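Here is how the chains run, residue by residue.
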Amino acid sequence: MLTRRILRPEAPTHLEADATEAECRVLAAHLDLPAVHAVAVSFAVGSLPEGALEMKGQVTARLRRFCVVTAAFFDQNIAEPVARRWLPGLPEVEAREVEIAVLEEDAPDPLPPAGVDLMELVSEVLALGLDPHPRAPGADIAELGYDPAPEEVPSGPFAVLAALREPKA
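Residues numbered from 1 in each chain as written. Predicted model: local features only at pLDDT ≥ 70, side-chain atom pairs only at ≥ 80, totals over all residues. Heavy atoms only, no water.

Draft legend 1. Representation of the overall build of the chain within the structure. Counting its secondary structure elements, the chain contains three helices and seven strands. Relative to its 169 residues, the chain shows a buried fraction of 28%. Long-range contacts, defined as pairs at least 24 residues apart, comprise 61% of the intrachain contacts of the chain with a sequence gap of at least 6. Surface accessibility of the chain: about 12,200 Å² in total, with carbon and sulfur atoms responsible for 56%. (Helix = DSSP H or I, 4+ residues; strand = E, 2+ residues; numbered from the N terminus. Buried < 20%, exposed > 50% of the residue type's maximum accessible area, 1.4 Å probe, protein only. Contact = heavy atoms within 4.5 Å. Areas by Shrake-Rupley, 256 points an atom, 1.4 Å probe, with all protein chains shown as cover.)

Here you go:
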């Protein structure tokens, strides 16, 4: 069951959960998908210094998608890695210069007082992992006879000038 909150564990723990049918329907509606057949999560959850929470693992799902090439529904399996950290509250910073390493890793999110909402995390991970232009396996736009770059005949006043510059054969 994904509808729960993750609080700071006393010791590192492993969390595995599967979405119920009702949760799959909620995710499908939230992600604007025809259906979500199954969702499973597997996380290593641990506490870090200063009350921080860390989760590493993977979200796997079987989804129903709509192919942008064939206009047919197809099922797709996705697996998205997750590595997130949360810090409680915003730390107070003294009036001094602060150095931030931008490219090393993502900054931690603020830890909600009630804990991390697992369903919200799964929804966010799936939303970010979805291909915005899904194609069914084997779907190829070339098979439809569509030419994405038709040869255009220049027109307008500059086309006339360009024609004057071209050597005549």
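Following the structure, the description resumes.
Draft legend 2. Main features of the side chain of Ser-123. Topologically, Ser-123 is positioned in helix H2 (residues 118-129). Polar side-chain contacts of Ser-123 include one of 3.0 Å to the side chain of His-30. Excluding residues that lie within four positions of it along the chain, Ser-123 makes contacts with Leu-27, His-30 and Leu-31. (Polar contact = N/O pair within 3.5 Å; in protein donor to acceptor, adjacent residues only side chain to side chain.)

Draft legend 3. Quick look at the sheet that holds strand S3 (residues 35-48). Taken in spatial order, the five strands line up as S2-S3-S4-S5-S6 in an open sheet, and their pairing is mixed. The strands lining the two open edges of the sheet, one partner per strand, are strand S2 (13-18) and strand S6 (109-111). The average undirected angle you get between the axes of adjacent strands in this sheet is 25 degrees. As paired strands, strand S5 (residues 73-88) and S6 are joined by three bridges and run parallel to one another. If you follow Trp-86 over to S6, its bridge partner there is Asp-109. The strands that helix H1 (residues 21-31) touches are S2 and S3; relative to S3, the one it contacts most, it runs at about 95 degrees. (Pairing = 2+ DSSP bridges. Axes fitted to C-alpha atoms, helices over the stretch in contact; angles between N-to-C directions.)

Draft legend 4. Seen up close, the packing of H1 against H2. Here H1 crosses H2 at 45 degrees, and the two axes come no closer than 11 Å. Here H1 is positioned oblique relative to H2, judged by the angle of their axes. Crossing geometry of H1 relative to H2 is assigned as right-handed. Where H1 abuts H2, its residues Glu-23, Val-26, Leu-27, His-30 and Leu-31 lie against Met-119, Val-122, Ser-123, Leu-126 and Ala-127. (Parallel < 35°, antiparallel > 145°, perpendicular 65-115°, else oblique. Left-handed = near helix turned anticlockwise from the far one by under 90°.)

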